[in-house]
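An overview of the molecular structure
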Amino acid sequence: MTTTVTDAPGRTRRLTGFQPTGRLHLGNLLGALRPLIRAQDTTESIALIADLHAMTMEHDPASVRRFTLEQATVMLAAGVDPERTPIVVQSQVREHTELHYLLECVAAHGEATRMIQFKEKSAAGGPIRLSLLTYPVLMAADILLYDTTQVPVGEDQNQHLELARTLATRFNTKYGPTFTVPEGVRPDSAARVMDLAEPTMKMGKSLGTGQIGLLDPPEVIRRTIARAATDQAGRVRRDRENQPGVTNLIDILAETTGRPPSDPTSYAALKREVGDAIEALLAPLRARHAELAKNPDFVRRVLADGAEKVRPIAAATVRRARAGIGLLN
Ligand code: ADP
Ligand code: TRP
């Protein structure tokens, strides 16, 4: 049995998190940003730029700052309406780190070392930051802070979401109803964009060479698509197992135009169609981004407003957690 805070039964609040470790790409747009934008009329969402998470691995301070601002600018250019969807920079709401500590006091060391992502990233060699170990607890704080009910997560974040649920339930059981226990929502598989060069891997910020950056110039995008991996089958059809590259291109076309490929035999035609579709999708975004980028102070103001908007929710949660765990309020 789970105990939840029933401040607003039936209410939905969704939290989508992005790490400012690189440029946003087509996968981020189709898998995360566009669903968020489409749901703006019906679902309360928060877009979180998790800058503290970007420091859990060796990082360049100037890049984190630059990507934080760039990601916020791209979100606005893509159509995130900050009136309805606050864009929040994690480090600008201090309650994230305060709740992180309180949750560390209900998390076990073994729970952290068991995380697959920790094992993978710490196997990479070099010094392992302590924050890499506690990263999932910070992510739990991000989620629980806002009484989040839904968290869109890809497979790689499943285990972290489960930990957030476990910590919420444990805290509620030990110290009284404090947190809403969140649910994970899975993006549908067609919205999972694979790397164009290595189509068995998902398109990611740092992985692979076949990414399409949302701000890439058209000729770069054309080149990436022209080089996209295909196969020898000579048939344009969905077959993820045997034709992952072609399947990915078909899925991207369907996601961007709603249409199937026009020619079932020509990979060149398929690539041309995908190129046109992506250009039609990204040209307006690029133009709006160029306008917004002239005014970084405006974007900073949007971020300050976002933080201000959500801070009362965060403060109320931390207050409950402090009271429950034995601190003086
Ligand atoms: P990345 O994997 O590029 O570092 P993040 O982990 O910051 O991206 O994820 C930000 C959001 O974008 C998440 O909601 C994630 O599920 C979504 N996302 C990331 N990569 C893809 C992809 N290739 N296809 C679909 N959605 C993706
Ligand atoms: N850890 C997530 C990732 O790598 C990013 C993230 C940080 C996040 N805080 C979050 C995602 C809160 C969802 C909710 O993708």
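The structure displayed is predicted, hence computed values, not measured ones. (Residues numbered from 1 in each chain as written. Chains lettered and ligands numbered in written order. Predicted model: local features only at pLDDT ≥ 70, side-chain atom pairs only at ≥ 80, totals over all residues. Heavy atoms only, no water.)

The next subject is the domain arrangement of the protein chain. Split into domains, the protein chain comes out as domain 1 (13–190 + 295–325) and domain 2 (218–290). Computed over C-alpha atoms, the centres of domain 1 and domain 2 are 31 Å apart. Residue-level contacts link twelve residues of domain 1 with eleven residues of domain 2. Summed over both sides, the interface of domain 1 with domain 2 buries roughly 990 Å², with 66% coming from carbon and sulfur. Viewed at the interface, domain 2 and domain 1 are joined by one salt bridge. Salt-bridge contacts for Arg 34 lead to Glu 255; the nearest nitrogen and oxygen are separated by 3.1 Å. One can count two residue pairs in polar contact (both at pLDDT 80 or more) joining domain 1 with domain 2. (Domains from an automatic or database assignment. Contact = heavy atoms within 4.5 Å. Buried area = accessible area lost by both parts, 1.4 Å probe. Salt bridge = Lys/Arg side-chain N within 4 Å of Asp/Glu carboxyl O. Polar contact = N/O pair within 3.5 Å; in protein donor to acceptor, adjacent residues only side chain to side chain.)

Another aspect to go through is the site of ligand 1. Close to ligand 1 lie 16 residues, the nearest being His 25, Val 193, Lys 202, Met 203 and Lys 205. One of the backbone N or O atoms of Val 193 is found 2.7 Å from a nitrogen atom in ligand 1. Backbone polar atom of Met 203 to a nitrogen atom of ligand 1: 2.8 Å apart, as the coordinates give it. Bound to the protein, ligand 1 loses 85% of the 530 Å² it would expose on its own. At the level of elements, strand S1 (13–18) and helix H1 (26–38) are the ones that each hand at least two residues to the shell around ligand 1. With four residues, the single largest contributor to the shell around ligand 1 is H1. (Near = heavy atom within 4 Å. Areas by Shrake-Rupley, 256 points an atom, 1.4 Å probe, with all protein chains shown as cover. Helix = DSSP H or I, 4+ residues; strand = E, 2+ residues; numbered from the N terminus.)

Let us now look at the site of ligand 2. In the vicinity of ligand 2, the residues found are Leu 15, Gly 17, Gln 19, Ala 50, His 53, Tyr 135, Met 139, Asp 142, Ile 143, Val 151 and Gln 157. Contact between ligand 2 and Tyr 135: a nitrogen atom at 2.6 Å from a side-chain N or O atom of the residue. Contact between ligand 2 and Gln 157: an oxygen atom at 3.2 Å from a side-chain N or O atom of the residue. Compared with its free state, where it exposes 370 Å², ligand 2 has 89% of that area covered by protein. Of all elements in the fold, only S1 and helix H6 (130–145) reach the threshold of two or more residues within the shell around ligand 2. A per-element tally of the shell around ligand 2 places H6 first, with four residues. Looking at the shell around ligand 2 residue by residue, the class counts come to six nonpolar, four polar and one charged. (Nonpolar A, V, L, I, M, F, W, Y, C, P; charged D, E, K, R; others polar.)

Before going further, it helps to spend a moment on the nonpolar core. One recurring pattern in soluble globular proteins is that nonpolar side chains are buried together. Counting 45 residues, the largest nonpolar core has Ile 87, Ile 212 and Ile 278 as the members making the most contacts within it. Put simply, the parts of the chain that give this core at least two residues each are H1, strand S2 (44–49), helix H2 (61–78), strand S3 (87–89), helix H8 (218–226), helix H9 (244–257), helix H10 (267–293) and helix H11 (296–325). Looking at which element gives the most residues to this core, the answer is H10, with eight residues. The residue makeup of this core includes at least three contributed by each of domain 1 (13–190 + 295–325) and domain 2 (218–290). The contact partners of Ile 278, leaving out residues within four places of it in the chain, are Leu 26, Ile 212, Ile 221, Ile 225 and Ile 252. If you look at the next biggest cluster of nonpolar residues, it comprises 37 residues, including Met 115, Val 137, Ile 143 and Ala 164. (Core = buried A, V, L, I, M, F, W, Y, C linked by side-chain atoms within 4.5 Å. Buried < 20%, exposed > 50% of the residue type's maximum accessible area, 1.4 Å probe, protein only.)

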